[in-house]
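Fold and contact review
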Amino acid sequence: MSNIDIAVACALLAGATVVFIFMVQPEDSDSAPHRTQLDQLLERRDAIYENLRDLRFEYRAGKFSESDYEETKQLLEVEAARVLAQMDQLTGGTPTPATRQASTSKVSHS
């Protein structure tokens, strides 16, 4: 290869690099808002409520003894209370649509 070939190759590489750096457009997902801490708590709350419903179903199906059911139910209820308290802290105790929904959500207890 001659010096001219090397110079042309370097110029093309530099041009391609500049085009890549400045012309690549970000995807829509790059600018999408990230999940907030409240979103994460809402997701956790919903998962706990679902676990409570599943636990009750499985207890009624005979998969848990009464003592195991009560112990697991108590643990899930304590965790739900923690999550709801964290949600209240984040919102300054002010009811938001999320916390209003939490207070009106019915979790079946036996």
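Counting 11 residues, the largest nonpolar core is built from L41, L42, I48, Y49, L52, L55, Y69, L76, A80, V83 and M87. Mapped by element, the contributors of at least two residues to this core are α3 (37–60) and α4 (66–90). A per-element tally of this core places α3 first, with six residues.

A separate point is α3. Turn by turn, an α-helix covers 3.6 residues, leaving residues three or four places apart pointing in a common direction. The end-to-end C-alpha separation of α3 is 35 Å, in line with the 34 Å expected for 24 residues at 1.5 Å each. All buried positions along α3 are accounted for by L41, L42, R45, I48, Y49, L52, L55 and R56. Two residues or fewer past α3, G62 is found with a positive phi of approximately 90 degrees.

Moving on, we come to the confidence of the model for the protein. Across the protein, pLDDT averages 82, with 77% of residues at or above 70. The secondary-structure element of the protein with the lowest mean pLDDT is helix α5 (residues 97–104), recorded at 55, while α3 shows the highest, at 94.

Another aspect to go through is α4. With 25 residues, α4 extends 36 Å between its outermost C-alpha atoms, agreeing within 8% with the 36 Å of an ideal straight helix rising 1.5 Å per residue. Along α4, the residues classified as buried are Y69, K73, L76, A80, V83 and M87.

On the surface, a cluster of nonpolar side chains totalling about 770 Å² of accessible area is made up of V18, V19, F20, I21, F22, M23 and V24. Tracing the backbone shows V18 in helix α1 (residues 3–23).

For the rest of this paragraph, the subject is the packing of aromatic side chains. All chains considered together, the criterion is met by one aromatic pair. With a centroid separation of 4.1 Å and 15 degrees between ring planes, the pair formed by Y59 and Y69 is classed as stacked. Remark: Y69 occurs in helix α4 and Y59 occurs in helix α3; sequence separation between them is 10 residues. Assessed through its relative accessible area of 2%, Y69 is described here as buried.

Moving on, we come to the pattern of salt bridges. The tally for this structure, following the rule as stated, stands at three salt bridges. Where E79 meets R44, a salt bridge forms, and the shortest distance between an N and an O atom there is 3.8 Å. Here the residue E79 occupies a position in helix α4, and R44 occupies one in helix α3, the gap between them amounting to 35 residues. The partner of R45 in a salt bridge is D46, with the nearest N and O atoms 2.8 Å apart. On the basis of relative accessible area, R45 is assigned to the buried category, the value being 2%. One network of salt bridges, with partners in common, ties together R44, E79 and R82.

Calculation notes
Residues numbered from 1 in each chain as written. Predicted model: local features only at pLDDT ≥ 70, side-chain atom pairs only at ≥ 80, totals over all residues. Heavy atoms only, no water. Core = buried A, V, L, I, M, F, W, Y, C linked by side-chain atoms within 4.5 Å. Buried < 20%, exposed > 50% of the residue type's maximum accessible area, 1.4 Å probe, protein only. Helix = DSSP H or I, 4+ residues; strand = E, 2+ residues; numbered from the N terminus. Expected span 1.5 Å × (residues − 1). pLDDT = per-residue confidence, 0-100. Patch = residues over 30% accessible without salt bridge, like charges linked within 9 Å, V, L, I, M, F, W, Y side chains within 5 Å. Areas by Shrake-Rupley, 256 points an atom, 1.4 Å probe, with all protein chains shown as cover. Salt bridge = Lys/Arg side-chain N within 4 Å of Asp/Glu carboxyl O. Phe/Tyr/Trp six-rings, centres within 6.5 Å; stacked < 30°, edge-to-face > 60°.

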